[in-house]
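# Notes for the structure review
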Amino acid sequence: MPEFTDATQQPLDYSQSIPNNVGLASDRNLQRALERWQPGFLNWWSETGPENTADLQVYLRTAVSVDRDGWANFSYVRMPEYRWGIFLTPRDENRKIHFGDHQGEPAWQEVPGEYRSALRRIIVTQADTEPASVEQQKLLGATCPSLYDLRNLFQVNVEEGRHLWAMVYLLHRYFGRDGREEAEALLERRSGDPNNPRILTAFNEKTSHWLAFYMFAFFTDRDGKYQLAALAESAFDPLARTTKFMLTEEAHHLFVGEAGVARVVQRTCEVMREYGLTEPSDIRAHGVIDLETLQRFVDFHYSVTLDLFGAEISSNAAAFYTGGLKGRYGEANISDDHALGGDIYPVAEVAGGNIVNREAPALTALNARLRDSYRREIQAGVDRWNRIPERLGIPFRITLPHIGFHRKIGNFAGQHITPDGRFLSKQEWERRAADWLPSDQDHEFVLSLMGRVIEPGKFANWIAPPARGIHNLPIEFEYVRFN
Ligand code: BYC
């Protein structure tokens, strides 16, 4: 018998080896194919997932229903026994395509032949980021600043694993043999492997300490939010429904990132105020991360994440939109014709040694537009961080670098632009790069602070405790049990 039911859809069937609400039991071929993929996934998890964690019991949330209130069920779980499953938000039988050339037609329940390869490519690109981030974070458990943070890391990890399942379901169910081969390849690529790397550059960078993890969760997971939101508009209904459910889980990842950095800022500002410090070296001597170093991490993670939006002007993006495969952020709330035929959109580019705004066809500028929406939300988060030094009477403010700074994709690739938007020669830029980007010494310093704090309610010296615990529990709750 299924343990939990969702009145509007198939039950979330936890009696199955693969929990799901897609009626897997009634499609034996698909079920067998996914059951063949499952051991490979578990091998991948034990090889590249969080290290030395097989025996831990972690206070995790697991989806038990896709209803608004029912998807987060908290209990102790051994991570390899986490119920990775396939959950889609309920189907709206009347859903219509609401942008592009097919506007007004019923949403697709199968993949139209003409869009097969483009959709597969989008799904594979999305899928590839999920295991990549788990690989990047593999070693962080060994240096956690608290049990609370350790639990949050593992929550993020298991949910990225579930997001991989979500995409692999689509590949197996809708893309036949090609889809199955892509699903295999997802378990073979490795973050940072020069011979078989992950697809997008940011997912081959190292996340070697917790500051990088919080920055990644704030900046890069938020690209995930925007890309998933654009895919949640898709005419291909199963993709829209699965990404919608992924977005509910994504919110917690963003919280972990924003609150994590805020707690670092808080602790540093408290120490600066208590001892009257301003010099980075004095601040470091007190075992906390100076705000200048923090700024360099902001510069790095922001610029690397901007690259994830692709080139500002992209015929791929235009084709995805016209075909109905990928919409704009909040497409349904935008009041225009949802076709963008003659519309224009301002895009920054380099012309004659200056940065100028050029009016581009809105259709080809969709990556720039999505990135601009993202930037506004990021700026709001940075403004919230800046209230902390403001409250504590510290004059430092975190700023976002110019969009042209340190870019490898799009209009600014190959330019040497400072965080405040000035052009330098390659030599001059390289000479000054350590002022703007974390140097090896910065990484070494941050790494030197990382210890392992696992006594309930205790926190490493470099980070303030959170305002409250998880799921209304006290901060000193035993979020991870070691036996
Ligand atoms: N690195 O027309 P262009 C997440 C390639 S994060 C390497 O500008 P397009 C998460 C591009 O593939 C969200 N290559 O790009 C976060 C193309 O190659 P081909 C992930 C890049 O196609 C944290 C060429 O350059 N989801 O979920 O308009 C933890 C020209 O491309 C990069 C998605 O990204 C790059 N950064 O847009 C866990 C959504 N950028 O065709 C998870 C799905 C571009 O010439 N993906 N290229 O060989 C897409 O919608 C699009 O593929 C992109 C690129 C937005 C990424």
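Refer to the structure printed above.
I will try to describe carefully the structure that is included in this document. Just so we're clear, the structure is a prediction, and the values are computed from it rather than from any experiment. (Residues numbered from 1 in each chain as written. Predicted model: local features only at pLDDT ≥ 70, side-chain atom pairs only at ≥ 80, totals over all residues. Heavy atoms only, no water.)

Further remarks concern helix 8 (residues 291-306). Spanning 16 residues, helix 8 covers 22 Å between terminal C-alpha atoms, matching the ideal 22 Å at 1.5 Å per step. With 15 of its 16 residues buried, helix 8 lies for the most part within the structure. (Helix = DSSP H or I, 4+ residues; strand = E, 2+ residues; numbered from the N terminus. Expected span 1.5 Å × (residues − 1). Buried < 20%, exposed > 50% of the residue type's maximum accessible area, 1.4 Å probe, protein only.)

On to the packing of aromatic side chains. Counted under the stated rule, the structure contains 34 aromatic pairs. Note on W37 and W165: the rings are 4.9 Å apart at their centroids and 85 degrees apart in plane angle, and the pair reads as edge-to-face. Of the two residues, W37 sits in helix 1 (residues 28-48) while W165 sits in helix 3 (residues 147-174), which places them 128 residues apart along the sequence. Residue W37 is classed as buried on the basis of its relative accessible area, which comes to 1%. Measuring from centroid to centroid gives 6.2 Å for W44 and W45, while their planes differ by 65 degrees, and the two rings are edge-to-face. Sitting above the plane of the Y76 ring, R481 keeps its charged end 3.8 Å from the centroid. (Phe/Tyr/Trp six-rings, centres within 6.5 Å; stacked < 30°, edge-to-face > 60°. Lys NZ or Arg CZ within 6 Å of the ring centre and 35° of its normal.)

Let's shift gears to the site of the ligand. Taken together, 29 residues surround the ligand, and among them R121, Q126, A311, S314 and K326 come closest. The separation between an oxygen atom of the ligand and a polar side-chain atom of T129 is 3.5 Å. With respect to the ligand, the backbone of D307 contributes an N or O atom lying 3.0 Å from a nitrogen atom. Compared with its free state, where it exposes 1100 Å², the ligand has 80% of that area covered by protein. Judged by its atoms lying within 2 Å of the grid points, the ligand is housed in the largest pocket. When contributions to the shell around the ligand are tallied by element, the ones reaching two or more residues are helix 2 (116-136), helix 5 (210-231) and helix 9 (315-323). Considering each element in turn, the shell around the ligand owes the most residues, seven residues, to helix 2. Taken together, the residues of the shell around the ligand sort by class into ten nonpolar, twelve polar and seven charged. (Near = heavy atom within 4 Å. Polar contact = N/O pair within 3.5 Å; in protein donor to acceptor, adjacent residues only side chain to side chain. Areas by Shrake-Rupley, 256 points an atom, 1.4 Å probe, with all protein chains shown as cover. 1 Å grid on protein atoms, 1.4 Å probe; cavity = no way out; pocket = protein on both sides within 12 Å on 5 of 7 lines; lining within 4 Å. Sits in = over half its atoms within 2 Å of the grid points. Nonpolar A, V, L, I, M, F, W, Y, C, P; charged D, E, K, R; others polar.)

None of this, on its own, says anything about what the molecule does.
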